[in-house]
Amino acid sequence: KTMVGGLASSGTWEYASGKHIAGFWALEKMELYCPKEGRTDPIADEWERQVLCLMGVDADPRAEPKLDCPENELLKFSGLFQRSLGDEFGNAIRGDIS
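The structure contained in this document is the topic of the report that follows. (Residues numbered from 1 in each chain as written. Predicted model: local features only at pLDDT ≥ 70, side-chain atom pairs only at ≥ 80, totals over all residues. Heavy atoms only, no water.)

1. A closer look at the state of the cysteines
Then, in step 1: Tallied over the entire structure, the rule returns 1 disulfide.
Then, in step 2: Shown here is the disulfide that connects C53 with C69, its sulfur atoms set 2.1 Å apart. Across the S-S bond of C53 and C69 the torsion is about -110°, and the bridge reads as left-handed. Here C53, found in helix 1 (residues 42–54), pairs with C69, found in the loop between helix 1 and helix 2 (85–97); they are 16 residues apart in sequence, far enough to count as distant. Here C53 and C69 have matching classes, each one buried. (Disulfide = S-S within 2.5 Å. Helix = DSSP H or I, 4+ residues; strand = E, 2+ residues; numbered from the N terminus. Buried < 20%, exposed > 50% of the residue type's maximum accessible area, 1.4 Å probe, protein only.)

2. Overview of a nonpolar patch on the surface
Then, in step 1: On the surface, V4, L7 and I21 cluster together into a nonpolar patch covering about 280 Å² of accessible area.
Then, in step 2: Summarising the element assignment, V4 is placed in strand 1 (residues 2–5).
Then, in step 3: Take V4: its relative accessible area is 41%, and that puts it in the partly exposed class. (Patch = residues over 30% accessible without salt bridge, like charges linked within 9 Å, V, L, I, M, F, W, Y side chains within 5 Å. Areas by Shrake-Rupley, 256 points an atom, 1.4 Å probe, with all protein chains shown as cover. Salt bridge = Lys/Arg side-chain N within 4 Å of Asp/Glu carboxyl O.)

3. Re the side chain of D41
Then, in step 1: Within the secondary structure layout, D41 lies in the loop between strand 6 (38–40) and helix 1.
Then, in step 2: Excluding its chain neighbours within four sequence positions, the residues that come into contact with D41 are E28, K29, M30 and E31. (Contact = heavy atoms within 4.5 Å.)

4. Examining the pattern of salt bridges
Then, in step 1: In total, this model carries 4 salt bridges according to the counting rule given.
Then, in step 2: With a shortest N-O distance of 2.9 Å, R49 and E46 are connected by a salt bridge. Note that R49 and E46 are positioned in helix 1 at a spacing of 3 residues, about one turn of the helix.
Then, in step 3: Here K66 and E64 are joined by a salt bridge, their closest N and O atoms 3.8 Å apart.

5. Here's the deal with helix 1
Then, in step 1: Compared with the 18 Å implied by 1.5 Å per residue over 13 residues, the 19 Å span of helix 1 between its first and last C-alpha is a close match.
Then, in step 2: Three or more residues of helix 1 are buried, namely A44, R49, V51, L52 and C53.
Then, in step 3: A positive phi of about 90° marks G56, the residue just after helix 1. (Expected span 1.5 Å × (residues − 1).)

6. Examining the side chain of T40
Then, in step 1: Of note, T40 is situated in strand 6.
Then, in step 2: Classification of T40 as buried rests on a relative accessible area of 16%.
Then, in step 3: In this structure the side chain of T40 is engaged in a polar contact, spanning 3.3 Å, whose partner is the side chain of D45.
Then, in step 4: Other than its neighbours up to four places away in sequence, T40 contacts M30, E31, L32, C34 and D45. (Polar contact = N/O pair within 3.5 Å; in protein donor to acceptor, adjacent residues only side chain to side chain.)

7. Notes on unusual backbone geometry
Then, in step 1: In the segment running from E64 into P65, the intervening peptide bond is cis, with an omega of -5°.
Then, in step 2: Structurally, P65 is set in the loop between helix 1 and helix 2.

Set out below in structure tokens:
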């Protein structure tokens, strides 16, 4: 779901603009073993890189292919991409419960 804050309405009471927007997107964890990198999820990593580029952020300038990620004149992006608590601490949490 996406949330918009600071909404302003037009003369017909339809929303005409918003000051803030928040969204949530999730991918299934599909790690692979790569000899050089260890356990990694290249699909999620590339998805994140492509999405951040749409927001004007070049998340990994060393990656190939190179991306053109111009900043938007009207939008300012502040992002937080992270693993879920279950992914990061699932074993520890399950160990504490059992």
